[in-house]
Amino acid sequence: MTSRHYTESATPDSTKRYSSDLNDQEFATIAPHVAQKFGSGKKRTVNIREVLNAIFYRVKTGCQWRMLPTDFPTWNHVWYYYRTWRNDGTWERINTLIRRDVRTKEGRDPEPSVAIIDSQSIEATEMGGEKGFDPHKQVKGRKRHLMADTLGLILFVAVCAACIVDSDGAEYIFHETKGRFPRLRTVLVDQGYKSWLVEFAKRWFGIIVDIVQRPPAQHEFVVQPQSWKIERIFGWLDWSRILSKEYERTTESSESNIYLASIRLILRRLTFSLK
């Protein structure tokens, strides 16, 4: 039987061990955003690329922190950097910067003028933290509210209890993203959003909310223009096993996992666009 040596140390230039590992180009793209700041503080003794590889491995496989393979840095080192970058907004910031790069490379303005908002209710495990019951989807857990552009790139993420209705989640997104997207003029939503959201967004943010209506005579499922793109994003996120359920105690960690899955997808997109 062939022996497998998972405990051997791996150098940054070695052949990728896992499909979630960053290649040289991908690491070079995000390395400046996780580099240690200049100063008199204690210098890092851990290989930061391997820390990132471990974080992306966990997002891909959904394993527990203590179950990370031993050829990564120790789990407490990895958890420390994950938590630090979660708390200071690094994950959201990286997602924003590389999302702008993709839009620029595809001949678009870095910031969108049209966005799409939708939500996904997801079952939670027995882990504590905020959770609730969505009577429409019959799901006990949390709800993921996403804002995305028409290229299928995530703009903003908010995770809350599943009992929060879609319109309230969209209202929260409008408040949290105020001033972030200066070109944003139109937001598309489905029929699950209430009509009061239209007047609210126009009055306070100058944004037109377009509720995509299904024709009254239509009873079967038909893909709606533009709106299907955010459904595709939810499908892409399912490729990351950590997002198959809500395993995290805090909604901040849940949001970070979505940003990390988005970052991994965007890095692949950037890599292929440069080939």
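Residues numbered from 1 in each chain as written. Predicted model: local features only at pLDDT ≥ 70, side-chain atom pairs only at ≥ 80, totals over all residues. Heavy atoms only, no water.

Caption draft 1: Here's a closer look at the overall build of the protein. Summing up its helical and strand segments, the protein has eight helices and six strands in all. Taking all contacts inside the protein whose residues are at least 6 apart in sequence as the whole, residues at least 24 apart take part in 65%. Accessible surface computed for the protein: about 15,000 Å², of which carbon and sulfur atoms make up 53%. (Helix = DSSP H or I, 4+ residues; strand = E, 2+ residues; numbered from the N terminus. Contact = heavy atoms within 4.5 Å. Areas by Shrake-Rupley, 256 points an atom, 1.4 Å probe, with all protein chains shown as cover.)

Caption draft 2: Structural context of the environment of glutamine 226. Following the sequence through the fold, glutamine 226 ends up in the loop between β6 (208–211) and α7 (228–237). Under the relative-accessibility criterion, glutamine 226 is labelled partly exposed at 31%. Glutamine 226 sits 77 residues away from aspartate 149 along the chain, and the two C-alpha atoms are 9.5 Å apart. Discounting residues that sit within four places of it in the chain, glutamine 226 has contacts with Ile116, Thr150 and Leu188. (Buried < 20%, exposed > 50% of the residue type's maximum accessible area, 1.4 Å probe, protein only.)

Caption draft 3: Expanded view of the side chain of serine 262. Mapped onto the fold, serine 262 is located in helix α8 (residues 251–273). In contact with serine 262, not counting residues within four places along its chain, are Asn95 and Ile154.

Caption draft 4: Here's a closer look at the pattern of salt bridges. The full count for this structure, using the stated rule, is 17 salt bridges. Arginine 49 serves as the salt-bridge partner of aspartate 24, at 2.9 Å between the closest nitrogen and oxygen. Taken together, the residues span a long stretch of sequence, with aspartate 24 in helix α1 (residues 24–34) and arginine 49 in helix α2 (residues 48–61) at a distance of 25 residues. Exposure remark for aspartate 24: the relative accessible area of 45% places this residue in the partly exposed category. A salt bridge links glutamate 246 to arginine 142; its shortest N-O distance comes to 3.3 Å. Here the residue glutamate 246 occupies a position in the loop between α7 and α8, and arginine 142 occupies one in strand β3 (residues 139–149), the gap between them amounting to 104 residues. Shared partners join several salt bridges into a network, and the residues in it are Arg17, Asp21, Glu50 and Asp71. (Salt bridge = Lys/Arg side-chain N within 4 Å of Asp/Glu carboxyl O.)

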